[in-house]
Amino acid sequence: MNPALTELDATALAALGPLAEQAVGLSDPNPRVGCRIVTQDGRHFDGYTQRAGDAHAEVMALRAAREAGAPLQGATVYVSLEPCSHHGRTPPCCDALVAAGIARAVVGLPDPNPLVGGRGLERLRAGGVVVDVLPAAHPVAQAVAALNVGFLHRMRTGLPWVRMKAAASLDGVTALPNGQSQWITGADARANGHAWRKRAGAVLTGIGTVLSDNPQLDVRLVPTEVQPLRVVVDSRLEIPLSAKVLRAPGKVLVYTAGPEASRNTPENTDLKRAALRDLGIAVVDLPGPGQKVDLPALVQDLGRREVNELHLEAGSKLNGSFLRAGLVDELLVYLAPLLLGQGAPLATLEALDQLPNRAAWQFLPPQAVGTDVLLRAVRADRAAPTA
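The paragraphs below set out a description of the structure included in this document. (Residues numbered from 1 in each chain as written. Predicted model: local features only at pLDDT ≥ 70, side-chain atom pairs only at ≥ 80, totals over all residues. Heavy atoms only, no water.)

**Thoughts on empty space enclosed by the protein**
Part 1 of the reasoning: Taken as a whole and judged by the stated rule, the model has one cavity of 30 Å³ or more.
Part 2 of the reasoning: Roughly 40 Å³ of internal volume is contained in the largest cavity.
Part 3 of the reasoning: Lining the largest cavity are D28, N30, P31, R32, L147, N148, G150, F151, R199, N308 and E309.
Part 4 of the reasoning: Residue classes in the lining of the largest cavity are distributed as three nonpolar, four polar and four charged. (1 Å grid on protein atoms, 1.4 Å probe; cavity = no way out; pocket = protein on both sides within 12 Å on 5 of 7 lines; lining within 4 Å. Points joined across faces, edges and corners; volume = space filled by probe spheres on them. Nonpolar A, V, L, I, M, F, W, Y, C, P; charged D, E, K, R; others polar.)

**Here's the deal with the state of the cysteines**
Part 1 of the reasoning: Taken as a whole, this structure holds zero disulfides when the rule is applied.
Part 2 of the reasoning: For C35, which is in no disulfide, the shortest distance to another cysteine sulfur is to C93 and amounts to 8.5 Å.
Part 3 of the reasoning: Accessibility expressed as a relative area gives 0% for C35, which makes it buried.
Part 4 of the reasoning: Here C84 stays unpaired: no disulfide links it, and the sulfur of C93, its closest cysteine neighbor, is 3.7 Å away.
Part 5 of the reasoning: For C84, a relative accessible area of 7% translates into the label buried. (Disulfide = S-S within 2.5 Å. Buried < 20%, exposed > 50% of the residue type's maximum accessible area, 1.4 Å probe, protein only.)

**With respect to helix α7 (residues 149–157)**
Every α-helix winds through 3.6 residues per turn, so residues three or four apart in the chain are directed the same way.
Part 1 of the reasoning: Among the nine residues that make up α7, seven are buried, leaving the element largely enclosed by the rest of the structure.
Part 2 of the reasoning: Three or more residues of α7 are buried, namely V149, G150, F151, L152, H153, R154 and M155.
Part 3 of the reasoning: Of the residues one or two after α7, G158 is the one with positive phi, at around 85°. (Helix = DSSP H or I, 4+ residues; strand = E, 2+ residues; numbered from the N terminus.)

**Considering the pattern of salt bridges**
Part 1 of the reasoning: Counting across every chain of the model gives 19 salt bridges.
Part 2 of the reasoning: For D46, the salt bridge is made with R36, and the minimal N-O distance between the two is 2.7 Å. Placement of D46 in strand β2 (residues 44–48) and of R36 in strand β1 (residues 34–38) is noted, with a sequence separation of ten residues between them.
Part 3 of the reasoning: Residue class for D46 comes out partly exposed when judged on its relative accessible area of 28%.
Part 4 of the reasoning: Here the salt bridges do not stand alone but share partners, grouping D28, R32, R163, R199, E309, E330 and R376 into one network. (Salt bridge = Lys/Arg side-chain N within 4 Å of Asp/Glu carboxyl O.)

What follows is the structure, encoded as structure tokens:
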């Protein structure tokens, strides 16, 4: 049954999206949650999820109300995602709300986390709280789902939501024949790309990009509290110890195809592994066919490491490998108003002999970003984000 919402409800619910967005680049691997508590005397107090291990949105809002000396008995709580019901890094939020005397809870979206899965709502009701859950079609519920697409996907599948980003000309060229690609798009598009990096739990590239472009792969062009994990796919462990990606702030993970794949490499990879360990960089062997890294196993491993959104910024070969393996959920393509002729494509894919064999994608609304256009598309068999 859909809850009968008042004008006061609508005003409070409208605040949840902007509150939850403040947790981007902060709360991973926890979901991005916003909370507003409205007391019986009409005052409101807000919170959003802090770093993992610190307070959740509900606790932050309760804390703000208590610091102001506001009476919580009989108050209404509006929260974008079902309050947690388990002891994880922090105690259950539903218990804190009941103990505070909250009378009503309006919840944007149930939590698919198997450790929660409706039990938070049950415990609120068992504690005497009237609980209303928004219908899935409600704009707030849709915005919550879009903001937390990675968390929701990982809870349901165990895998991160994989977003492949590329910058291309109108004729689909991502780099010149000599490898030059900086810069096809403008400054606004580059900053927007860093905002998407900020959303990610991990940013991934291949050794080809490291050797040709020497990227840092961190978030620099927008402010962030936490740097995402940087991941390099490097089958033969060819990464130079001087690579910028190893030196930027934050953690780094290098996936290889194992010692056998690098036995013909001129340098001593045992010494390099030791040097990487000394730098605090993890090296993980995931051998796959053809002495390449097993990409499906890589994505599964990142899911086990609680990566919600995996942001892929790589060259055409690795992009093609991810696409052929069916591992990409969303495309993020910045199109520049340029024609470049010959060059590297967005992805290296095999030719089709029949159109029905094509991969199907669905466009999301395009967005102008400075002089460029951002095109987003999700696989047709995926639950698409709505914003």
